[in-house]
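Inside the fold
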Amino acid sequence: MFLRLIRVFAMVCVCALSAFGMAVQSQISIDEDIRIFAMVTALNAAGFDAELNPPYHEVRAELRKVSDGLDPDLLKRMRDFYRTHKAGGTDEDQLAKYISLAIVLTDPPFKALGLEEALPDDARSVLGFVPLLQEFYQKAGVSRLWARVSPAYEQEMNRIGPPIRAVVARTDAYLRVISGALAAQSMRITVELGAPKNTVNVRSFHDDYSVILGYATTPKIDEIRHAYLHVRLNNYAAAAALKSKGRTELITLLRNAEGVERQYSTNFENMFIESVVRAVELRLDRIPANTAETSVKSHYRSGLLLLPHFYESMPAYESGENIIRDEIAAIAANLDVAKEQERFQKTFYTIPLPQKQVALSETPVQVAAPSVDPVLELLRTAQAAFEKDKPRALEAFEKVLVEHNPNDGRALYGIALIEMDRQHLDEALEYFERTIASDNADRSMKTWSYIYAGHILDFKCNRAAALEKYRKAIETGDDTRDAQRIAKRDLAQPFGGECQQ
């Protein structure tokens, strides 16, 4: 009886792999977003004006009329907030942080999706705008305005959809991945006609990527593809970066180097991931060798020290049969640190500094891909190792708890699954309970923690406690991986049959 139940537990753990990754399977979507729409509409009323030379898009022109009939007191408070939070920057500098805030909110009534300390820094800097946004949404009749202009959004999505789908398909073919299936991430491409023309904002929250597009006569396909490559490659590249040779030696080369982006000089993983993404982009574009060399040098001078290594190594991938995950790991394993140090000494300072782009009205404003969160990278490492190297996965989860957050629900849940797989049922039960109590475990993790805790309690012949867990799982309403049916099944009959005395 005991061995049969252990086999059942082992199968359950394998099925749960995707759950601690925060998503089972995600789709790439192209749509509008009421959160972004409301935020941009509010910003236009509050004084945001990056397009100094109209004509605006007709939708933005209509949104800018909202302030005409707005409660004067609310309008003043919104404008005061916007003005005092510009921090000496221009209007062009403001959009990104408000977009970042919008994507960490729920749909109306716009509540934060997590604890304040877990939100991105730029979103947290304007978090006080949320009460004003909530009031504005009601008093300005944003939902009615949304309904009135939505046909223009539908038309724009129909226009940009085909080229976006085409570039995604070409990218997936090059990467040898299944189109549409993302193991742990999602990507939402949002049309926002109330934003300045030609703007592109790329933001992320946990493993959810958002690309917000203002109107552009020619869709910003390159920027969209760049974001999509991050979605596809970040996990693989981050896992390879954590095992890469010469981390300290290479990142030290960039210290105090003029013209190097800070996100590369202070974080090896950021530099490594962006090097991989840029190398794949250049190979995808099939540009002439001399043009590619110029681009490689420019990015190298900005701090992407591993771009030449990856770019030079990609032809072997193209002629072989490796999947991209294995190829990234192989290329990283073949890194010659001494050669890269020599390359740096000979070439880095001979390359002219990259020209900084000035954001003007009617020109693209591209926000750099999000920097790497060390907690998320540890979680990604654990997820990648979960099936084949549980000790390594356990080490990564425990590092999250020890070095970052002792109550991180994702790490707690991952450890619980590993302990259950190892037949350490008392320890597993403890970690499932801690997951349930965690503030940042998502609903599916808590639901399955209730179910798995119930299974363990059933095995221990504590049927009354098990029944309470199954009821709690049902109360969550979450049905990830058929959770509701399983909880109801186990509510009717003890998990595994008769308990083991």
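Residues numbered from 1 in each chain as written. Predicted model: local features only at pLDDT ≥ 70, side-chain atom pairs only at ≥ 80, totals over all residues. Heavy atoms only, no water.

**Comments concerning the overall build of the protein**
When helices and strands are tallied, the protein shows 23 helices and five strands. In the protein, which comprises 501 residues, the proportion classed as buried is 53%. Nonlocal contacts in the protein, meaning residues at least 24 apart in sequence, comprise 73% of its contacts between residues at least 6 apart. Here the protein has roughly 22500 Å² of accessible surface; of this, 51% comes from carbon and sulfur atoms. (Helix = DSSP H or I, 4+ residues; strand = E, 2+ residues; numbered from the N terminus. Buried < 20%, exposed > 50% of the residue type's maximum accessible area, 1.4 Å probe, protein only. Contact = heavy atoms within 4.5 Å. Areas by Shrake-Rupley, 256 points an atom, 1.4 Å probe, with all protein chains shown as cover.)

**Observations regarding helix α9 (residues 221–243)**
Because an α-helix packs 3.6 residues into every turn, residues spaced three or four apart end up facing the same way. Compared with the 33 Å implied by 1.5 Å per residue over 23 residues, the 33 Å span of α9 between its first and last C-alpha is a close match. When the local axis directions of α9 are compared, the greatest deviation, roughly 55°, occurs at leucine 233. Summarising burial for α9: 19 of the 23 residues are buried, a large majority. (Expected span 1.5 Å × (residues − 1). Bend = angle between axes of the 7 residues up to and from the residue.)

**Regarding the pattern of salt bridges**
Following the criterion strictly, the structure yields 35 salt bridges and no others. Residues arginine 247 and glutamate 269 are paired through a salt bridge, measuring 2.5 Å at the closest nitrogen-oxygen approach. Linking arginine 247 in helix α10 (residues 247–253) with glutamate 269 in helix α12 (residues 268–285), this pair joins segments that are 22 residues apart in sequence. Overall, the relative accessible area of 26% leaves arginine 247 in the partly exposed class. (Salt bridge = Lys/Arg side-chain N within 4 Å of Asp/Glu carboxyl O.)

**Notes on the packing of helix α14 (residues 307–319) against helix α16 (residues 337–347)**
With their axes 10 Å apart at the nearest point, α14 and α16 run at an angle of 115° to one another. Of the residues in α16, those in contact with Pro308, His309 and Glu312 of α14 are Lys339, Glu340 and Arg343. Among the residues making up the contact of α14 with α16, the classes are represented as one nonpolar, one polar and four charged. (Axes fitted to C-alpha atoms, helices over the stretch in contact; angles between N-to-C directions. Nonpolar A, V, L, I, M, F, W, Y, C, P; charged D, E, K, R; others polar.)

**Some points on the packing of aromatic side chains**
Within the structure shown, the criterion is met by 17 aromatic pairs. When the ring of phenylalanine 344 is compared with that of tyrosine 349, the centres are 5.9 Å apart and the planes differ by 75°; the resulting orientation is edge-to-face. For phenylalanine 344, a relative accessible area of 3% corresponds to the buried category. Its relative accessible area of 53% is what places tyrosine 349 among the exposed residues. For the ring pair phenylalanine 432 and tyrosine 452, a centre distance of 5.4 Å and an interplane angle of 40° mean the geometry is tilted. Here phenylalanine 432 is found in helix α20 (residues 425–437), whereas its partner tyrosine 452 is found in helix α21 (residues 443–459), with 20 residues between them in sequence. Residues phenylalanine 432 and tyrosine 452 agree in their burial class; the two are buried. (Phe/Tyr/Trp six-rings, centres within 6.5 Å; stacked < 30°, edge-to-face > 60°.)

**Observations regarding the side chain of glutamine 484**
With respect to the element layout, glutamine 484 can be found in helix α23 (residues 483–492). At 2.6 Å, the side chain of glutamine 484 forms a polar contact with the backbone oxygen of aspartate 478. (Polar contact = N/O pair within 3.5 Å; in protein donor to acceptor, adjacent residues only side chain to side chain.)

**Description of the confidence of the model for the protein**
Per-residue confidence for the protein gives a mean pLDDT of 84, with 86% of residues at or over 70. Across the protein, the secondary-structure element scoring lowest on mean pLDDT is helix α1 (residues 2–15), at 42, and the one scoring highest is helix α7 (residues 130–139), at 96. Confidence over residues 1–26 falls short of pLDDT 50; this stretch has 71 contacts with residues more than four positions distant or in other chains. (pLDDT = per-residue confidence, 0-100.)

**Some remarks on the packing of helix α13 (residues 289–301) against α14**
At a minimum axis distance of 9 Å, the contact between α13 and α14 shows a crossing angle of 150°. When the axes of α13 and α14 are compared, the pair comes out roughly antiparallel. Touching Ala292, Val296, His299 and Tyr300 of α13 are Leu307, Pro308 and Tyr311, all from α14. (Parallel < 35°, antiparallel > 145°, perpendicular 65-115°, else oblique.)

**With respect to the environment of isoleucine 328**
Note on placement: isoleucine 328 falls in helix α15 (residues 324–333). Residues isoleucine 328 and tyrosine 236, spaced 92 residues apart in sequence, show a C-alpha to C-alpha distance of 7.1 Å.

**Considering the environment of glycine 477**
Relative to the helices and strands, glycine 477 is located in the loop between α22 (463–476) and α23. Setting aside anything within four residues of it in sequence, one finds glycine 477 in contact with Arg443 and Gln484.

**Thoughts on the nonpolar core**
Within the largest apolar cluster, 67 residues are counted, with the highest numbers of intra-cluster contacts made by Phe37, Met78, Leu101, Phe129, Phe136 and Val211. With 11 residues, helix α8 (residues 142–175) is the largest single contributor of residues to this core. Apart from the residues lying within four places of it in its own chain, the contact partners of leucine 101 are Met39, Ala123, Val126, Leu127, Phe129 and Val130. (Core = buried A, V, L, I, M, F, W, Y, C linked by side-chain atoms within 4.5 Å.)

**Concerning helix α2 (residues 34–46)**
The end-to-end C-alpha distance of α2, which contains 13 residues, comes to 18 Å, matching closely the 18 Å that a straight helix rising 1.5 Å per residue would cover. Among the 13 residues in α2, 13 count as buried, and that is most of the element. Of the residues one or two after α2, glycine 47 is the one with positive phi, at around 120°.

**Looking at unusual backbone geometry**
The omega torsion of the bond from proline 108 to proline 109 falls at 20°, within 30 degrees of zero and hence cis. With respect to the helices and strands, the residue proline 109 is situated in the loop between α5 (95–102) and α6 (121–125). One non-glycine residue, asparagine 256, lies in the positive phi region at around 65°. One can find asparagine 256 in the loop between α10 and α11 (262–265). Despite not being glycine, glutamine 423 has its phi angle at roughly 65°, a positive value. One can find glutamine 423 in the loop between α19 (409–421) and α20.

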